[in-house]
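Close look at the chain arrangement
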Amino acid sequence: MEKMEIEPRDSDFTKNILVRVGSEVLTCMQCGTCSGSCPTSSWMDHSPREIIRMIQLGMKDEVLASNTPWLCATCYHCTVRCPREIKITEVMNALRSLALSSGIKNRVIGFDCYFLEYVKNNGRISEVSLMAGYGLKNPSEMIKQLPLALAFLRKGRLPLLKEKVGEIEDLKNLFNMVDRKGGEA
Amino acid sequence: MRYAYYPGCFLHGSSLDYEISVQAICRVLGIELLEIKNWTCCGATHTATITNELAAGLSARNLARRDGLEVTTPCNICYYNLKRANHLFRDPALKSKVNDALATKYDGNGKVKHLLEVIYSDYGLDALKEKVKKPLKGLKAAAYYGCLLTRPGDGFDSPEYPVSLDKVLMAIGVETVDYYYKTKCCGGPIFFQEDEAALSLSRELLIKAKEGGGDCIVTACPLCHVQLDARQPKIEEKYGEHLGIPVLYFTQILGLSLGIPPHQLGISKLIVRPEKVLSFLRS
């Protein structure tokens, strides 16, 4: 029987992931332990197992279009159980980073960027201030959070004033000097 | 016993009841917590999208200010992020790049311990038993570890079958129940992306803990706590069922057993009424 050589469709994409997360990704034997352990796999369009295979095959567009990395709860069940010791959670992180640097825009990226910008400017999170700011541009999100916010308010668990944090100039340095946008490994 | 203390944003925000109970029990146990001066956010659940350098830097900035002490935090997510910085700092290029940006350089040697670990490993169960004034006899608790307390590993307890929280609870006279969901994800990190998933995961957990015989759930993470306690009414409403399971921070249960009055532990700030748990104080 002839041996079939399969060339990954986008080998740069595959290599990128391997460099970031390790070459163990190539040894995935598709056992499905990761998918079976994943708490959110039923909401994913491609299971973790499928994503690893798609990475091996260089299916960059399909992988970056999938909702899988965004539904990863970073619970690390997959990573702890993978018999090939593939760092699957880190694969998901790498895909998120790659999506960001590829210019992909979605709700999660939007909120992540907003959250981090808030940290850069204020040091710590004041929930009221964070959500008020986010809610101004995304009123429907604000409405979703309102019941919980009110429950906390009633229990005296929602500090209204922002805490002032000193010496945070190096935080700005950190954000500026370090490439935030995923980029190469 | 002295530690550099990293409370994290939640404990200074909507989980200030957790903070109240942390301070109360550490005072009684003689654990000195020195809050890291001008600490900043570790990035919480938003470190996945950014580069390793920035993720490490957010935590390294805080670890650099530990004044030579071991660092402790009561939040699973902060614990994970801080430990992850240590792991990432093993790369000299990353370490150098991050330190270039920081005002106080980080040597990469800060020891990071979850507060549960401090009590379990450093303070010790025997010493804890001596301080118990009200053994909460008859109370059955489902110890809930969550994900990042014991995973990805190299931690103080087993990623698959941890026992530390159970043993701490048993030391104060509480019976813990066995159930499958001790380390299953509560869904907290994805509530923004897919709220239905987050509610569904927490609901399963609440049901399994109840089925396992738990009168209450005990947790060691503010995000898990919000999912299980503050969002329990929403879960009940969405699925049309009554759950009514009190969810307490481990520091609150500990505090009760140490004889600290409930109002000094933030008990009145819980969303799901905890009367069921408090009734065991009288027994």
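Structure first, text after, so check above.
Residues numbered from 1 in each chain as written. Chains lettered and ligands numbered in written order. Predicted model: local features only at pLDDT ≥ 70, side-chain atom pairs only at ≥ 80, totals over all residues. Heavy atoms only, no water.

With that settled, the discussion passes to the overall build of chain A. A count of helical and extended segments in chain A gives eleven helices and zero strands. Ordered by position in the sequence, the α and β elements of chain A form the string α-α-α-α-α-α-α-α-α-α-α. For chain A, whose C-alpha radius of gyration is 20 Å, the value lies well above the compact-globule estimate of 16 Å for 185 residues. Based on the C-alpha atoms only, the size of chain A along its principal axes is roughly 70 × 35 × 30 Å. Within chain A, buried positions represent 48% of all 185 residues. Of the contacts formed within chain A by residues at least 6 apart in sequence, a portion of 65% connects residues at least 24 apart. Surface summary for chain A: the accessible area is close to 9500 Å², and the carbon and sulfur share equals 56%. (Helix = DSSP H or I, 4+ residues; strand = E, 2+ residues; numbered from the N terminus. Rg over C-alpha atoms; globule rule 2.2 N^0.38 Å. Buried < 20%, exposed > 50% of the residue type's maximum accessible area, 1.4 Å probe, protein only. Contact = heavy atoms within 4.5 Å. Areas by Shrake-Rupley, 256 points an atom, 1.4 Å probe, with all protein chains shown as cover.)

A separate point is the pairing of strand β7 (residues 216–219) of chain B. Residue and element names in this part refer to chain B. Along β7, one buried face is formed by Cys216 and Val218 and the opposite face, lined by Ile217 and Thr219, is buried too. Of the strand pairs in this sheet, strand β5 (residues 140–144) and β7 are connected by four bridges, and their pairing is parallel. In the sheet register, Ala143 faces β7, and the bridge partner there is Val218. Across three bridges, β7 lies against strand β8 (residues 247–249) in parallel orientation. Residue pairing across strands places Val218 opposite Leu248, the latter belonging to β8. (Pairing = 2+ DSSP bridges.)

All right, on to the interface of chain B and chain A then. Counting residues at the interface gives 62 residues for chain B and 54 residues for chain A. A combined buried area of about 5200 Å² lies between chain B and chain A, and 62% of that area is made up of carbon and sulfur atoms. It is His46(B), Thr49(B) and Phe192(B) that lose the most area in chain B upon contact with chain A, and together they represent 14% of the buried surface on that side. Our count for the chain B to chain A interface comes out at seven salt bridges. When the shortest N-O distance is used, the salt bridge between Asp170(A) and Arg61(B) registers 3.0 Å. Where chain B packs against chain A, one counts 28 residue pairs in polar contact (both at pLDDT 80 or more). Secondary-structure elements contributing two or more residues to the side of chain B that touches chain A are α1 (16–29), α2 (52–63), α3 (76–88), α4 (92–101), α8 (195–211) and α9 (222–230) of chain B. At five residues, α2(B) tops the list of elements feeding residues into the side of chain B that touches chain A. For the side of chain B that touches chain A, the per-class residue count stands at 31 nonpolar, 15 polar and 16 charged. (Buried area = accessible area lost by both parts, 1.4 Å probe. Salt bridge = Lys/Arg side-chain N within 4 Å of Asp/Glu carboxyl O. Polar contact = N/O pair within 3.5 Å; in protein donor to acceptor, adjacent residues only side chain to side chain. Nonpolar A, V, L, I, M, F, W, Y, C, P; charged D, E, K, R; others polar.)

As a further point, take the layout of surface pockets. Estimated volume of the second largest pocket: approximately 970 Å³. Counting residues per element, the ones that place at least two in the lining of the second largest pocket are α8 (107–122), α9 (127–137) and α10 (139–154) of chain A together with α3 and α9 of chain B. (1 Å grid on protein atoms, 1.4 Å probe; cavity = no way out; pocket = protein on both sides within 12 Å on 5 of 7 lines; lining within 4 Å. Points joined across faces, edges and corners; volume = space filled by probe spheres on them.)

Residue and element names in this part refer to chain B. Alignment of strand β1 (residues 2–5) against strand β2 (residues 32–35), held across four bridges, turns out to be parallel. Across the sheet, Tyr5 pairs through a bridge with Glu35, a residue of β2. Regarding the hand of the β-α-β motif, the stretch spanning β1, α1 and β2 is right-handed. (Right-handed = clockwise from strand over helix to strand, strands pointing away.)

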